[in-house]
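Coordinate inspection notes
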Amino acid sequence: MIIRKVRPDDYVAIGELTVEAYRTAAPDGQIPPALQPDGHFERVYAPMLRDVEERATRVVVFVAEIDGSVVGAVTYVPGPGPFAEFDETDAAGVRHLAVDPGAQGRGVGAALMENCVAQARTDGKRRIVLHTQSFMYAARGLYERMGFVRAPERDFRPAPDVDLQGYVLDL
């Protein structure tokens, strides 16, 4: 597996991979309101997830590649500003972690997250902040195995049907 920065020729594939990973994140039969066809996801979030070019011009997008195919991506936010869900200058953020459903369970998400942790350390950050939704069991399990701790004081609700849960990893 190779972890590298996104390239322009990756944008469309990463956008679609991210949307599909999010759509399939909920266990069967437990589709939350946000992912319903008329929910916030389809109206607002999916178009934003597809806009990898916008993210890549403002923050850092890393991709995971196996045998020449992109199988995952994550957005690394180096500090306050565009895409940050935090205000601290000594923090970095992680957003939009996504692994192709066919590549899940192969360590792709962990490798992408470990790369973000290494980047935050290189950048001299003291913590990493991220947000996820309660139905994203696999992602939450990964974050907790890596040492991220629930930070309810960072929870917020960007839309009526979207509740984001905060997590922090002190470095």
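Scroll up for the structure.
Below you will find a few notes about this structure. Since the structure is predicted, the reported quantities are computational estimates derived from the model, not experimental observations.

Procedures and definitions
Residues numbered from 1 in each chain as written. Predicted model: local features only at pLDDT ≥ 70, side-chain atom pairs only at ≥ 80, totals over all residues. Heavy atoms only, no water. 1 Å grid on protein atoms, 1.4 Å probe; cavity = no way out; pocket = protein on both sides within 12 Å on 5 of 7 lines; lining within 4 Å. Points joined across faces, edges and corners; volume = space filled by probe spheres on them. Helix = DSSP H or I, 4+ residues; strand = E, 2+ residues; numbered from the N terminus. Salt bridge = Lys/Arg side-chain N within 4 Å of Asp/Glu carboxyl O. Buried < 20%, exposed > 50% of the residue type's maximum accessible area, 1.4 Å probe, protein only. Phe/Tyr/Trp six-rings, centres within 6.5 Å; stacked < 30°, edge-to-face > 60°. Core = buried A, V, L, I, M, F, W, Y, C linked by side-chain atoms within 4.5 Å. Contact = heavy atoms within 4.5 Å. Pairing = 2+ DSSP bridges.

In total, this model carries one cavity of 30 Å³ or more according to the counting rule given. Quantified by volume, the largest cavity comes out at close to 30 Å³. In terms of lining residues, the largest cavity is bounded by Val77, Phe83, Ala84, Glu85, Phe86, Gly93, Val94, Arg95, Val129, Leu130 and His131. For the lining of the largest cavity, the elements supplying multiple residues, two or more each, are strand S4 (91–99) and strand S5 (127–132).

With a phi angle near 50 degrees, Asp67 is a residue other than glycine that sits in the positive phi range. Its place among the elements puts Asp67 in the loop between strand S2 (60–66) and strand S3 (69–77). Its identity is not glycine, yet Phe83 carries a phi of approximately 75 degrees, on the positive side. When you line up the elements, Phe83 lands in the loop between S3 and S4.

In this section: the pattern of salt bridges. For the structure shown, the criterion picks out 10 salt bridges. Of the charged contacts, one joins Arg154 and Glu88 as a salt bridge, the two residues approaching to 2.3 Å between their closest N and O atoms. Of the two residues, Arg154 is situated in the loop between strand S6 (149–150) and strand S7 (156–159) and Glu88 in the loop between S3 and S4; the sequence distance between them amounts to 66 residues. Given the relative accessible area of 23%, Glu88 is considered partly exposed. Each of Arg4, Asp10 and Glu65 takes part in a single network of salt bridges with overlapping partners.

Here the focus is the packing of aromatic side chains. Counted by the stated rule, this structure contains three aromatic pairs. Plain terms: the ring middles of Phe62 and Tyr76 are 6.4 Å apart, the flat faces sit at 50 degrees to each other, and that makes the pair tilted. Taken as a pair, Phe62 in strand S2 and Tyr76 in strand S3 lie far apart in primary sequence, 14 residues in all. Residue class for Phe62 comes out buried when judged on its relative accessible area of 6%. Aromatic side chains Tyr143 and Tyr167 sit 6.2 Å apart centroid to centroid with 55 degrees between the ring planes, which places their arrangement in the tilted category. Placement of the pair is Tyr143 in helix H5 (residues 137–145) and Tyr167 in strand S8 (residues 162–170), with a sequence separation of 24 residues. You'll find Tyr143 and Tyr167 in the same group, each marked buried. In textbook terms, an aromatic cluster arises when at least three aromatic residues are bridged by ring pairs, as seen for Tyr143, Phe148 and Tyr167.

Formed by 36 residues in total, the largest nonpolar core has its most connected members in Val108, Met113 and Phe148. Tallying contributions element by element places helix H4 (residues 108–122) first for this core, with six residues. Beyond its immediate stretch of four places on either side in the chain, Phe148 contacts Met113, Ile128, Leu130, Tyr143, Tyr167, Val168 and Leu169. Judged by nonpolar contacts, the second largest core, of eight residues, contains Phe83, Ala91, Val129 and Val168.

Moving on to the pairing of S4. Judged by how many residues are buried, S4 sits mostly within the fold: nine of nine residues are covered. As defined by bridge partners, S3 adjoins S4 across five bridges and the pair is classed as antiparallel. Bridge pairing links Tyr76 to Val94 in S4. Pairing of S4 with S5, which is carried by four bridges, proceeds in the parallel orientation.

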